[in-house]
Amino acid sequence: LLLFGLPGTGKTTIARAIAHEINAPIFVVQVSDVLSKWVGESEIRIRQLFDKARSYSTAIIFFDDFDALGKERKDDSSHAHSNNLIVEMITQMDGFAQNENNIILLAATNKPWMIDSALIRPKRFEHHIYVPLPNHEARIMLIRKSLDNISLDDSLDLNQVSELLKGYNGADIKSVVNSVKITALQREKSNIENGTPSATCITFNDFKEAIAKQKSSVKPNDIAQLRAYAASRGITLPEEL
């Protein structure tokens, strides 16, 4: 399964949730876990990773930021090291056909168009799953989850807040809510110091000010490239990413 989408949409969280649902060990692989300056060491690490996963009856291998690890191969000799790594990954992935264990290979990427075409052929990654930005309902859920057990002003309409956060990813929304909570704490501290302690509630203006200071980290160019990639593979993306 190749999970692709804009940054901060929860692709890593989805991988961990899958592992939890099927009660399987998950091997989370970052680029730094594999790449080595020593010739041949990276390929050995990949081989050891797959061998370890195959020692379980059911296991998940999850490659985070897969585009950094499986970049498209170049013909010049200066890229021989990274080219050999891709060849080893292909060898290990193709070996799944003879494997009697239940092994799920997951990879997450923000830039699928940068991955070597041999790695993302249908027989290797059979499913390309788009992970969207949070929609209106999801944005409200994220806000409520982050504000659990915190007093909100009676007039605060989370529908309005959600509209202001349209186009923000989950990480951006969490950052905005954290900023709002800090503002509320500072206001309560100021009230106490002034001798007028009172219960502090989070207001709509708190959100407006926080959102004005923090714009969405989603880049228009990433959106354009993502749409072009999806179109090239016959994948339909929603109008609101």
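Preceding this paragraph is the structure being described.
Calculation rules
Residues numbered from 1 in each chain as written. Predicted model: local features only at pLDDT ≥ 70, side-chain atom pairs only at ≥ 80, totals over all residues. Heavy atoms only, no water. Helix = DSSP H or I, 4+ residues; strand = E, 2+ residues; numbered from the N terminus. Rg over C-alpha atoms; globule rule 2.2 N^0.38 Å. Contact = heavy atoms within 4.5 Å. Areas by Shrake-Rupley, 256 points an atom, 1.4 Å probe, with all protein chains shown as cover. Lys, Arg positive; Asp, Glu negative; His and termini not counted. Charge placed at Lys NZ, Arg CZ, Asp CG, Glu CD. Salt bridge = Lys/Arg side-chain N within 4 Å of Asp/Glu carboxyl O. Buried < 20%, exposed > 50% of the residue type's maximum accessible area, 1.4 Å probe, protein only. Pairing = 2+ DSSP bridges. Core = buried A, V, L, I, M, F, W, Y, C linked by side-chain atoms within 4.5 Å. Expected span 1.5 Å × (residues − 1). Arc of directions from axis to C-beta.

Another point: the overall build of the protein chain. Counting its secondary structure elements, the protein chain contains ten helices and five strands. A compact globule built from 241 residues should have a C-alpha radius of gyration of about 18 Å, whereas the protein chain, at 22 Å, is more than 25% larger. Principal axes of the C-alpha set define a box for the protein chain whose edges measure 70 × 35 × 35 Å. Long-range pairs, those at least 24 residues apart, make up 77% of the contacts in the protein chain between residues at least 6 apart in sequence. Accessible area of the protein chain: about 13,500 Å², with a carbon and sulfur share of 50%. Computed over 28 positive and 30 negative side-chain charges, the inter-centroid distance for the protein chain is 3 Å.

Pairing between side chains becomes possible if they bear opposite charge and their charged atoms approach one another. On inspection of all chains with the given rule, the structure shows six salt bridges. The closest approach of N and O atoms between R45 and E41, which form a salt bridge, is 3.5 Å. Taken together, the residues span about one helical turn, with R45 and E41 both in helix α3 (residues 41-54) at a distance of four residues. For R45, a relative accessible area of 29% corresponds to the partly exposed category. Note that R187 and D206 form a salt bridge whose closest N and O atoms lie 2.9 Å from each other. Note that R187 is positioned in helix α8 (residues 170-193) and D206 in helix α9 (residues 204-213), a separation of 19 residues in sequence. Judged by relative accessible area, which is 29%, R187 ranks as partly exposed.

This part is about the pairing of strand β3 (residues 58-63). Of all six residues that make up β3, five are buried, and the element is covered over most of its length. For strand β2 (residues 26-29) and β3, the ladder comprises four bridges, and the chain directions are parallel. If you follow V28 over to β3, its bridge partner there is F62. Bridge analysis of β3 against strand β4 (residues 102-109) gives six bridges, and the strand direction is parallel. Along β4, the bridge assignment pairs I60 with I104.

Moving on: the side chain of S162. Positionally, S162 belongs in helix α7 (residues 158-164). Taking relative accessible area as the criterion, S162 reaches 0% and is therefore assigned buried.

The subject of this paragraph is the environment of G10. Of note, G10 is situated in the loop between β1 (2-4) and α1 (11-21). Residue classification places G10 among the partly exposed residues on the basis of a relative accessible area of 27%.

This part covers the nonpolar core. Across soluble globular proteins, nonpolar side chains show a tendency to be buried alongside one another. With 37 residues, the main nonpolar core has F63 and F66 as its most contacted residues. Considering each element in turn, this core owes the most residues, five residues, to helix α5 (residues 80-94). Beyond its immediate sequence surroundings of up to four residues, F63 is in contact with V29, I46, L49, F50, L69, M89, L105, L106, A107 and A108. The next biggest cluster of nonpolar side chains, apart from the first, holds 17 residues, and it includes I140, I143, L156 and A184.

The next point concerns the pairing of β4. By the criterion of burial, β4 is predominantly enclosed, with six of the eight residues buried. Sheet analysis places β1 next to β4, joined by three bridges and oriented parallel. By the bridge assignment for β4, L3 is matched with A108.

Because each turn of an α-helix spans 3.6 residues, side chains separated by three or four positions in sequence point in the same direction. Between the first and last C-alpha of helix α10 (residues 220-232) there are 19 Å, a value that for 13 residues agrees with the 18 Å anticipated at 1.5 Å per step. Of all the positions in α10, only D222, L226, Y229 and A230 are classed as buried. On an axial view of α10, the arc spanned by its buried residues comes to 95 degrees, and they lie on one face. Residues of α10 that are exposed and point more than 90 degrees away from the buried face comprise P220, N221, A231 and S232. Where α10 is buried, its residues contact β1 and β5 (128-130). Just beyond α10, the residue with positive phi is G234, at close to 70 degrees.

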